[in-house]
Amino acid sequence: MKRTDRDKELSQSTITRRGLVLGGAQLAFSGALIWRLRDMQLMQSEQYHLLAEENRINLRLLPPTRGLIFDRNGVLLAGNEQNYRVVIKRDDAGDIERVLDRLSQLIPLSEDDLDRARRDLLRHRPFVPVTVAERLSWEEISRIAANAPALPGVTPEMGLSRAYPLREDMAHVVGYVGPVSDRDLEALEAPDPVLMIPRFQIGKSGVERAMEDRLRGTAGSQRVEVNAVGRVMRELDRAEGQPGGNVHMTIDAQLQNYALQRMQGQSGAAVVMDTETGDILALASAPSFDGNLFVRGISTTDFNGLLNDEYRPLLNKTVQGMYPPGSTFKMVTALAALDAGETDGEERVFCPGHMDVSGNRFHCWRRGGHGRVGLVSALSESCDVYFYEMSQRCGIDRINAMSERLGLGIRYDLPIPSMAGGLNPTREWKRRNRNEEWRVGDTVNASIGQGFVLSTPLQLAVMTARLATNKAILPRLLRDPMEQAEPQAASLDLRPEWLRMIRRGMHDTVNHARGTAYSSRVVADGQEMAGKTGTSQVFSITRAERDAGIRQQSDLPWNRRNHALFVNYAPVEAPRIAVAVVIEHGGGGSSAAAPIGRDITLAALNNGIPPLSAYPAPQRNRIRAEQIELEERLRDPQLLRISRA
């Protein structure tokens, strides 16, 4: 049936309304789109430009160059060397395991290296480059570069790494650096952003740790353009960081090397100080270790070897080792008695070889006794009974005060972490720590540097420097090369007549035929030394052992032998240096520590291997044979031979 005209009109009307609606909707949509484009391009263009730039440009931190460490003569102790390394970025690598496997076929990678790389890749954001291996050779870097297409996300780089050219010589003093750990970050309130760079290294021990803020420097920055997949296309600009500041130490590297080599085969410590300035010229702890092992990533085998060594090479014995000072403490007791007015020093005390105190018998090292001795002979012959007597007269309080006055029991402000403070025991200390009252026997033990008394080799060197100068010498390890005036120490205000007796006793210890260190005397004019031997017991001798006859130290297991100590200053007439030597389980101060102390003293005075003329004539053949053997181990024997020529 044909539609009527009326129907046609209605149909056209409907189509027209639909067209208007659709057209209006299209117009509204187009208008909204145009308005949004206008808003984005005109009103928000800066914001979107920044977002686009952020996607196109990456900002990277550039690690600063670490400051250098020098000895007093400008010898480099800690420097930086070129380091070829390979890094990987997780978001570029794709299949990490596959890339690491390919990489391990090109360069040697241990399982520890691979495990560390996997951990670091998971710890950091995908676009952060993680070091897989470093200290690579040029050939290894070339192989990686040649195989770059098969190693997505892998980039060879060249940077700087810490290096210690003197190896074992400075490990305990300079310390070493290592990668930043979670513990390091947790210890800081506001960590420097540069610490977030994977495997960025900071000071872990010694001066490296104590002077970290000065040595680290300030990070630089690099802006690079990247493509859609994050690959670097080009560098846009670079702002170099501020390198770390240099550090100059008071240590004499040559003397430090000599002291360590002279103690080879021993477990011990030697400290050499300038008696006027307090400069520490040597701070040698034996045996030592190579700090480079820790920088490069020490193996478990090597670390366990150091950790389990009975000679404790990781411990800085000069400032962390605490030992009973033994007879080297007797100068403290003598001065305490003089200061208290309990003796004039000329008074003579009879030594039968023992003294009974409160029902206990305290023995002298010489079983038959020394007879009648005064202060000078009691020091030179190291009579114990004399000091037992003096200690009971003056008491522990005066002994403690004099000990502190001479520099013992003090933790000095040096840039070395974990310094020990030693122990000057008091009545209150025993009550608080042992829940016991102080006894007369404790005072008697303390009078000869036994019992609760503990000192570090550094403290013993300070004590010796103060006795030599009557000044409150303070040790220092850092120096300013631009410094115009040397530090001046305050007077100790000890009476000159007291010090004359103490010094005469120390002089006779070394230079009198009955002195305990007579065999270690110096015969060169103007280089004579004054000193004091010490032997500290590690285990008490029982009555049964004493009645049966005390065994020779050489018959005992090494770790049950006595510690050997020796302190001295030289030259006698115008002291320039003070020396303290401790040989763990060395047996006796006169036999084990004094010869080493003499050689180190002469090396310091002669700027090298001592001349044979400084030794007594009967000893020269033996000394010469020892020097020949020693020269083979010294770091720069040619330099040392110059002084002897």
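Higher on the page you've got the structure.
Computed from a predicted model, the values in this text were never measured in an experiment.

A. Representation of the overall build of the protein. Within the protein, the regular secondary structure consists of 24 helices and 19 strands. Looking at the 645 residues of the protein, the share that counts as buried comes to 49%. Taking contacts inside the protein between residues at least 6 apart in sequence as the whole, the part at least 24 apart equals 73%.

B. Molecular detail of empty space enclosed by the protein. For the structure shown, the criterion picks out 1 cavity of 30 Å³ or more. If you trace the largest cavity, you find it lined by Phe-329, Ile-396, Ile-399, Asn-400, Ser-403, Asn-424, Pro-425, Ala-446 and Val-453. Ranked by the residues each element gives to the lining of the largest cavity, the list is headed by helix α16 (residues 384–405), at 4 residues. Taken together, the residues that form the lining of the largest cavity break down as 6 nonpolar, 3 polar and no charged.

C. View of the environment of Arg-624. Tracing the backbone through its elements, the reader meets Arg-624 in helix α23 (residues 620–631). Arg-624 sits in the partly exposed class, given a relative accessible area of 28%. In sequence terms Arg-624 and Pro-611 are 13 residues apart; their C-alpha atoms lie 9.4 Å from each other.

D. Layout of the packing of aromatic side chains. Under the criterion given, the structure shown has 8 aromatic pairs. Taken together, the ring pairs in this structure connect Tyr-176, Phe-289, Phe-294 and Phe-303 into an aromatic cluster. The ring centre of Tyr-518 lies 3.9 Å from the NZ or CZ of Arg-521, which sits over that ring.

E. Layout of the pattern of salt bridges. The full count for this structure, using the stated rule, is 29 salt bridges. Of the charged contacts, one joins Arg-66 and Glu-212 as a salt bridge, the two residues approaching to 2.7 Å between their closest N and O atoms. Taken together, the residues Arg-66 in the loop between β1 (57–62) and β2 (69–70) and Glu-212 in helix α10 (residues 212–216) connect sequence positions 146 residues apart. Taken as a pair, Arg-66 and Glu-212 share a single burial class, namely buried. One salt bridge in this structure joins Glu-381 and Arg-514, with 3.2 Å as the shortest N-O distance. Here the residue Glu-381 occupies a position in the loop between α15 (375–380) and α16, and Arg-514 occupies one in the loop between α20 (496–511) and β17 (530–536), the gap between them amounting to 133 residues. On the basis of relative accessible area, Glu-381 is assigned to the buried category, the value being 8%. With relative accessibility at 48%, the residue Arg-514 sits in the partly exposed group. Salt bridges sharing common partners tie together Arg-66, Arg-162, Glu-208, Glu-212, Asp-213 and Arg-216.

F. Local environment of the pairing of strand β19 (residues 577–583). Of all 7 residues that make up β19, 7 are buried, and the element is covered over most of its length. Because side chains alternate across β19, one face comprises the buried residues Ile-577, Val-579, Val-581 and Ile-583, and the other comprises Ala-578, Ala-580 and Val-582, equally buried. Here strand β11 (residues 268–274) pairs with β19 via 7 bridges, running antiparallel. What sits directly across from Ala-270, in β19, is Val-581. Note: strand β18 (residues 563–570) against β19, 7 bridges, orientation antiparallel. Along β19, the bridge assignment pairs Ala-570 with Ile-577.

G. Quick look at the sheet that holds β19. Read from one edge of the open sheet, 5 strands run β12-β11-β19-β18-β17, paired in antiparallel fashion. Only two strands of the sheet have a single neighbouring strand rather than two, namely β12 (280–286) and β17. The mean inter-strand angle of the sheet, taken between neighbouring strand axes irrespective of direction, is 5°. Where helix α11 (residues 253–262) meets the sheet, it contacts β11 and β12, and its direction lies at approximately 30° from that of β12. Where α20 meets the sheet, it contacts β17 and β18, and its direction lies at approximately 75° from that of β17.

H. Summary view of the state of the cysteines. In the structure shown here, the tally under the stated rule is 0 disulfides. Cys-364 takes part in no disulfide bond, and the closest cysteine sulfur, belonging to Cys-351, lies 4.0 Å away.

I. Fine view of the packing of helix α14 (residues 330–339) against α16. It is the contact of α14 with α16, at a shortest axis distance of 6 Å, that shows an interaxial angle of 85°. It follows from the interaxial angle that α14 and α16 lie roughly perpendicular. For the pair α14 and α16, contact is made by Lys-330, Val-332, Thr-333, Ala-334, Leu-335, Ala-336, Ala-337 and Asp-339 and by Asp-384, Phe-387, Met-390, Ser-391, Cys-394, Arg-398, Ile-399, Met-402, Ser-403 and Arg-405, respectively. Here the contact of α14 with α16 is built from residues that sort into 10 nonpolar, 3 polar and 5 charged.

J. View of the packing of α14 against α20. Relative orientation of the contacting elements α14 and α20 amounts to 155°, with a least axis distance of 11 Å. By the angle between their axes, α14 is roughly antiparallel relative to α20. Two packed elements cross with a definite hand, and for α14 against α20 that hand is right-handed. For the pair formed by α14 and α20, the contact residues are Met-331, Ala-334, Leu-335, Leu-338 and Asp-339 on the first element and Trp-498, Met-501, Ile-502 and Met-506 on the second.

K. A look at the pairing of strand β4 (residues 130–136). In terms of burial, β4 is largely enclosed, as 5 of its 7 residues are buried. Two strands pair when backbone bridges link them, and strand β3 (residues 76–88) and β4 are joined in this way by 4 bridges, in the antiparallel orientation. Paired with Val-86 across the strands is Ala-133, a residue of β4.

Conventions we followed
Throughout this document, residue positions are counted from 1 along each chain, in the order its sequence is written. Where totals are concerned, whole chains, interfaces and linings use all residues; where local detail is concerned, this predicted model gives features only for residues with pLDDT of at least 70, and gives and counts side-chain atom pairs only at 80 or more. The basis for every side-chain value is the complete set of non-hydrogen atoms in the structure, without hydrogens or water. In this description a helix means any DSSP run of H or I spanning at least four residues, a strand means any run of E spanning at least two, and both kinds are numbered starting from the N terminus. For every residue, the accessible area obtained with a 1.4 Å probe (protein chains only) is divided by the maximum for its type, and the residue is called buried under 20%, exposed over 50%, and partly exposed between those limits. Pairs of residues are marked as contacts when any of their non-hydrogen atoms sit within 4.5 Å. Any residue with an atom within 4 Å of a point lines the site, the site being either a cavity, points on a 1 Å grid over the protein atoms alone where a 1.4 Å probe fits but cannot get out, or a pocket, an open set with protein on both sides within 12 Å along at least 5 of 7 lines. Grid points are joined across faces, edges and corners, and a volume is the space filled by probe spheres set on the points. Under the convention adopted here, Pro, Cys and the residues Ala, Val, Leu, Ile, Met, Phe, Trp and Tyr are nonpolar, Asp, Glu, Lys and Arg are charged, and Gly plus all remaining residues are polar. Note on aromatic contacts: the rings of Phe and Tyr and the six-membered ring of Trp form a pair at centre separations within 6.5 Å, being stacked when their planes are under 30 degrees apart, edge-to-face when over 60 apart, and tilted otherwise. The criterion for a charge sitting over a ring is simple: Lys NZ or Arg CZ within 6 Å of the ring centre, and within 35 degrees of the ring normal. Between Lys or Arg on one side and Asp or Glu on the other, a salt bridge is scored when a side-chain nitrogen of the former is within 4 Å of a carboxyl oxygen of the latter. Being paired, for any two strands, means DSSP has found at least two bridges between them. Every angle, taken between N-to-C directions, lies between 0 and 180 degrees, and every axis is a line fitted to C-alpha atoms, over only the stretch in contact when it is a helix. By convention in this document, the label disulfide applies to cysteine sulfur atom pairs within 2.5 Å. By definition in this entry, angles of less than 35 degrees are roughly parallel, angles greater than 145 are roughly antiparallel, angles of 65 to 115 are roughly perpendicular, and the rest are oblique. Should the near helix be turned counterclockwise from the far one by less than a right angle, the crossing is left-handed, whereas a clockwise turn marks it as right-handed.

Function cannot be read off these values alone, since they describe shape.
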